[in-house]
There are 2 protein chains.
Amino acid sequence: MLQKPRGTRDFLPDEMDQRREVEGIMRRIARTWGYREVCTPEFEELELFTIRSGEGIIQEMYVFEDKGGRKLALRPEITAPVLRMYVNEGKTLPKPLRWFYFADCFRYERPQKGRYRQFWQFGIELIGADSALAEAEVILLARDLLAASGISFSIHVGHLSLMRSLLAGLDPDDQKKIRMFLDKKDTGGLAAYLLSQGRDDLSARLTALAECRSLDDIFALTGDLPDRHRIEELFSILDSSGLEYTLNPGIARGLDYYTGMVFEIFAENLGAENQVLGGGTYRLAHLFGGEETPSCGFAVGFDRVMVARGEQPPVPGIVVGVAFTPGGRDWALTVAAAFREAGIRTELSLSGKSIGNQLSQIARSADFALIIGDRERDQRQVTVKNLRTGGQDVLALAEAIQEVSGSEPR
Amino acid sequence: MLQKPRGTRDFLPDEMDQRREVEGIMRRIARTWGYREVCTPEFEELELFTIRSGEGIIQEMYVFEDKGGRKLALRPEITAPVLRMYVNEGKTLPKPLRWFYFADCFRYERPQKGRYRQFWQFGIELIGADSALAEAEVILLARDLLAASGISFSIHVGHLSLMRSLLAGLDPDDQKKIRMFLDKKDTGGLAAYLLSQGRDDLSARLTALAECRSLDDIFALTGDLPDRHRIEELFSILDSSGLEYTLNPGIARGLDYYTGMVFEIFAENLGAENQVLGGGTYRLAHLFGGEETPSCGFAVGFDRVMVARGEQPPVPGIVVGVAFTPGGRDWALTVAAAFREAGIRTELSLSGKSIGNQLSQIARSADFALIIGDRERDQRQVTVKNLRTGGQDVLALAEAIQEVSGSEPR
């Protein structure tokens, strides 16, 4: 028997309904903030991702060749494609651009619980704005979006200048290595590396900084920084917006194109793999051939949000099944069309069996059965059976629609 | 400068809004017919598609290898994946199953106008129903779906038994070759092939059948058929449902798993590539390791529907821009949050420039500007400027929301 590929998923209707509901919530919230949806191809030229993330990412991607021998990769994330699109097609649009996307991505690794080879991201990019307020907007939108999705979470906000100020003066390659350790939260690896470099003093200072929870403590450690005013403004906006968050200078990024604010959101009821959102300020457009463009954004791990949310079957709406005799067929078709026209989910019985048999099948999933025999056909009426109460009425078509659409869904 | 891969597309917000609107319409119509959404992986084991369509399809697909060396293919269509999913996970669900999908597919060929390497399909599968009514349901749903999408189209309905009855007695390989010619509407190739086989008599009979437009004419040519009653019932249901269609016995399918009714829908304002939907009755589940299961369904070429529909920018909804002084910032954040809470698309000005400068930027895309200076902050008020009329009022927050949300979108 053929199976789905390892690490991928099939979604049956109950799960799919819930996913579409949450997707709709996220889309609605993003729109109220002025963000509009864009869509990029499922695959891109391999180079797009190696420019962003380095050659190391190749072994984590699905890579294949074009007919022209060009190397393509299934996208592992969507920020690089969106910025590539911005450089190609969005440069002349009035800035800032507020864009969002909802789409699937791919990673090529051993499948494990909660990590699939095909996974979905909802994300936003705010392109061409360079201010504390722009950074705050992205964080506040993230909060609104996840709150509306119905999960409990905690927000950690940091700023890359803080950690980087402690590394200033080191060789750039060295800085990058240290940032990689920090990004992976590999404190053991970092300590060993710094010891091997004879820099265990730095290890203590980095740890002390990561544990700071106020700007005063932070600037006491780092000294004054060129972007101190902007950092203070960011946190002042967050505070005056009533955001609940943890100031966390320990958040790091291994890659160079992140430039300032960084934030991460963790769901409260997931296990070790509990990060549901990551974001920050970055500059990518110039790497893809455009002008240097300050941007910020975030990506939500949609699948983790669905797990954190737990099973919340959406209100299904009313379902109507139509049972009919052979002689009632044409009237049944007319009745069903009228019910659908009124927006009611209406399923014709297709078995061709007896009315009793059709009814027992309909009762398995529907709220109402419409029974249409020769008498109903002759009178242009509908027998409406309420499957929850057992009550039954013979009504004109318009009344029948009213009866059903006026009832409460289960 | 990096570009999108050849044959793929980026979608900017104006286009994406229209696509999501039509997708929403199709989803809504499918739901009123009792269909529910499913989702399968973006790629499948290569074998799934070669079982369905033969080895020939390999060169039309993007094929790549798994870490385990398994051959995978980006899906060229979604019926086979959905039936694979049915075999894996849906067998015990009460039948018939009414499923729909909306997703992207891939073809690996020279890009040409209107044919992209990544394209979208909206489709439905009605699994486990074997009746004329089931076949009619699928056709009628297709009509409703395309009508609601706002395109003009014509429907052609045929039945494979008709053409096949003329081929009965021929060698099966020969039948298949002839069906392939018919499917591709390659009448020249067919005539040449039949001549080479000394069967030019058949060529004339096939042509005559393809030109029949009534069941009487058809059965006069084919003689009585075992499924004549069912074929008559199908067309009787279509007629009594008021469907406008052309009876077209010339519709053929090259592949063996199509078993009965076939239909195709053509948009009226596209050029040569004007087919927007194809569907029919088939049996596929047993090829994937399940039981033989009568099914029918269709797939809509979503991109062609969008072209046939033409540009119809969706009603955008009201857009509000917020201009503010540094002292008004916190009150501006509160006001913006309240407007969003009321479902209004509200964009904060992020430039940090003068109110005048902010207003001229806002006027480029918004319907209303909210102006928040120190006076508005102190009074807890909002200056609402209607950018269409130029009128301006100083209002309490709740009144301001009322004023804006009560206005008509452009």
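Residues numbered from 1 in each chain as written. Chains lettered and ligands numbered in written order. Predicted model: local features only at pLDDT ≥ 70, side-chain atom pairs only at ≥ 80, totals over all residues. Heavy atoms only, no water.

With respect to the relation of the copies chain B and chain A
Alright, step 1. The transform that puts chain B on chain A rotates by 180 degrees and translates by 0.0 Å along the axis, for an RMSD of 0.0 Å. Between the two chains, the operation in question is that of a two-fold axis. Closest approach to the rotation axis among the C-alpha atoms of chain B is made by Phe64(B), whose C-alpha sits 2.9 Å away.
Alright, step 2. In this assembly, 100% of the residues forming the interface of chain B have copies in chain A that are likewise at the interface, indicating an isologous arrangement. (Least-squares fit on C-alpha atoms with pLDDT ≥ 70 in both. Contact = heavy atoms within 4.5 Å.)

Examining the nonpolar core
Alright, step 1. If you look at the biggest cluster of nonpolar residues, it comprises 96 residues, and the most contacted ones within it are Phe339(A), Ile178(B), Leu206(B), Leu238(B), Phe263(B) and Phe298(B).
Alright, step 2. Discounting residues that sit within four places of it in the chain, Ile178(B) has contacts with Leu167(B), Leu170(B), Leu190(B), Tyr193(B), Leu194(B), Leu202(B) and Leu206(B).
Alright, step 3. Counting residues in hydrophobic clusters, the runner-up holds 95 residues, among them Leu141(A), Leu145(A), Leu170(A) and Phe368(B). (Core = buried A, V, L, I, M, F, W, Y, C linked by side-chain atoms within 4.5 Å. Buried < 20%, exposed > 50% of the residue type's maximum accessible area, 1.4 Å probe, protein only.)

As for the interface of chain B and chain A
Alright, step 1. Taken together, the contact between chain B and chain A spans 93 residues of the former and 93 residues of the latter.
Alright, step 2. Approximately 7,900 Å² of surface area, both sides summed, lies buried where chain B meets chain A, with 56% of it carried by carbon and sulfur atoms.
Alright, step 3. Considering only the side of chain B, the residues that lose the most area to chain A are Leu2(B), Arg36(B) and Leu350(B), jointly responsible for 10% of the buried surface there.
Alright, step 4. On the surface where chain B and chain A come into contact, there are 15 salt bridges.
Alright, step 5. Between Glu233(A) and Arg329(B) there is a salt bridge whose closest N-O contact spans 3.9 Å.
Alright, step 6. Viewed at the interface, chain A and chain B are joined by 32 residue pairs in polar contact (both at pLDDT 80 or more).
Alright, step 7. The biggest single contributor to the side of chain B that touches chain A is helix α1 (residues 13-32) of chain B, with 9 residues.
Alright, step 8. Classifying every residue of the side of chain B that touches chain A gives 41 nonpolar, 17 polar and 35 charged. (Buried area = accessible area lost by both parts, 1.4 Å probe. Salt bridge = Lys/Arg side-chain N within 4 Å of Asp/Glu carboxyl O. Polar contact = N/O pair within 3.5 Å; in protein donor to acceptor, adjacent residues only side chain to side chain. Helix = DSSP H or I, 4+ residues; strand = E, 2+ residues; numbered from the N terminus. Nonpolar A, V, L, I, M, F, W, Y, C, P; charged D, E, K, R; others polar.)

Observations regarding the domain arrangement of chain A
Alright, step 1. According to the domain assignment, chain A contains domain 1 (13-309) and domain 2 (319-405).
Alright, step 2. The C-alpha-based centres of domain 1 of chain A and domain 2 of chain A are spaced at 53 Å. (Domains from an automatic or database assignment.)

Remarks on the sheet that holds strand β16 (residues 392-396) of chain A
Residues and elements named next belong to chain A.
Alright, step 1. The 5 strands lie next to each other as β13-β12-β14-β15-β16, forming an open sheet whose pairing is mixed. Only two strands of the sheet have a single neighbouring strand rather than two, namely β13 (345-348) and β16. Averaged over neighbouring strand pairs, the angle between their axes works out to 30 degrees when direction is ignored.
Alright, step 2. Where strand β15 (residues 381-386) and β16 come together, 5 bridges link them in antiparallel fashion. Pairing of Thr383 across the sheet is with Val394, part of β16.
Alright, step 3. Across the sheet, helix α13 (residues 355-362) is in contact with β12 (319-324) and β14 (368-372); its angle to β12 comes to roughly 170 degrees.
Alright, step 4. Here helix α15 (residues 397-405) sits on the sheet and contacts β12, β14, β15 and β16; the angle it forms with β16, its principal contact strand, is near 130 degrees. (Pairing = 2+ DSSP bridges. Axes fitted to C-alpha atoms, helices over the stretch in contact; angles between N-to-C directions.)

Considerations on the sheet that holds strand β11 (residues 295-301) of chain A
All names here are of chain A.
Alright, step 1. Taken together, the 8 strands give an open sheet; going across it, the order is β1-β5-β6-β11-β10-β9-β7-β8, and neighbouring strands pair in mixed fashion. Sheet topology places β1 (36-37) and β8 (246-247) at the edges, where each strand pairs with a single neighbour.
Alright, step 2. Where strand β7 (residues 153-159) meets β8, 2 bridges bridge the pair, whose relative direction is parallel. In the strand pairing of β8, Val157 is matched with Leu247.

Quick word on the pairing of strand β13 (residues 345-348) of chain B
In regular strands, side chains alternate between the two faces of the sheet.
Residues and elements named next belong to chain B.
Alright, step 1. By the alternation rule, side chains of β13 split into Arg345 and Glu347 and Thr346 and Leu348, which are all buried.
Alright, step 2. Alignment of strand β12 (residues 319-324) against β13, held across 4 bridges, turns out to be parallel. Paired with Val320 across the two strands is Thr346, which belongs to β13.
Alright, step 3. On the question of chirality, the crossover connecting β12 to the parallel β13 by way of helix α12 (residues 329-341) is right-handed. (Right-handed = clockwise from strand over helix to strand, strands pointing away.)

Structural notes on the pairing of β7(A)
All names here are of chain A.
Alright, step 1. Counting buried positions along β7 yields 6 of 7 residues, so the element is predominantly enclosed.
Alright, step 2. In this structure, β7 lies alongside strand β9 (residues 258-267), joined through 7 bridges in antiparallel fashion. Directly across from Ser154, in β9, lies its bridge partner Phe266.

Notes on the packing of helix α5 (residues 160-167) of chain A against helix α6 (residues 172-183) of chain A
All names here are of chain A.
Alright, step 1. As a packed pair, α5 and α6 sit with axes 11 Å apart at the nearest point and diverge in direction by 135 degrees. Our classification of the angle between α5 and α6 gives oblique. The two elements α5 and α6 meet at a crossing, and its hand is right-handed. Residues Met163, Arg164 and Leu167 of α5 form the contact with α6, whose participating residues are Gln175, Ile178, Arg179 and Leu182.
Alright, step 2. For the contact of α5 with α6, the class distribution of residues is 4 nonpolar, 1 polar and 2 charged. (Parallel < 35°, antiparallel > 145°, perpendicular 65-115°, else oblique. Left-handed = near helix turned anticlockwise from the far one by under 90°.)

Considering the pattern of salt bridges
Residue and element names in this part refer to chain A.
Alright, step 1. In the structure shown here, the tally under the stated rule is 71 salt bridges over all chains.
Alright, step 2. A salt bridge links Arg283 to Asp130; the shortest N-O distance between them is 3.3 Å. Of this pair, Arg283 sits in the loop between β10 (275-282) and β11 while Asp130 sits in the loop between β6 (118-127) and α4 (132-148); the two residues are 153 residues apart in sequence, bridging distant segments of the chain.
Alright, step 3. A relative accessible area of 43% means that Asp130 is categorised as partly exposed.

Quick notes on helix α5 (residues 160-167) of chain B
All names here are of chain B.
Alright, step 1. Among the 8 residues that make up α5, 6 are buried, leaving the element largely enclosed by the rest of the structure.
Alright, step 2. Every buried residue of α5 is listed here: Leu160, Ser161, Leu162, Met163, Leu166 and Leu167.
Alright, step 3. Buried positions along α5 lie against β7 (153-159), α6 (172-183), α8 (200-211), α9 (215-222), α10 (228-240) and β9 (258-267).
Alright, step 4. A positive backbone phi angle near 95 degrees is found at Gly169, which sits one or two residues after α5.

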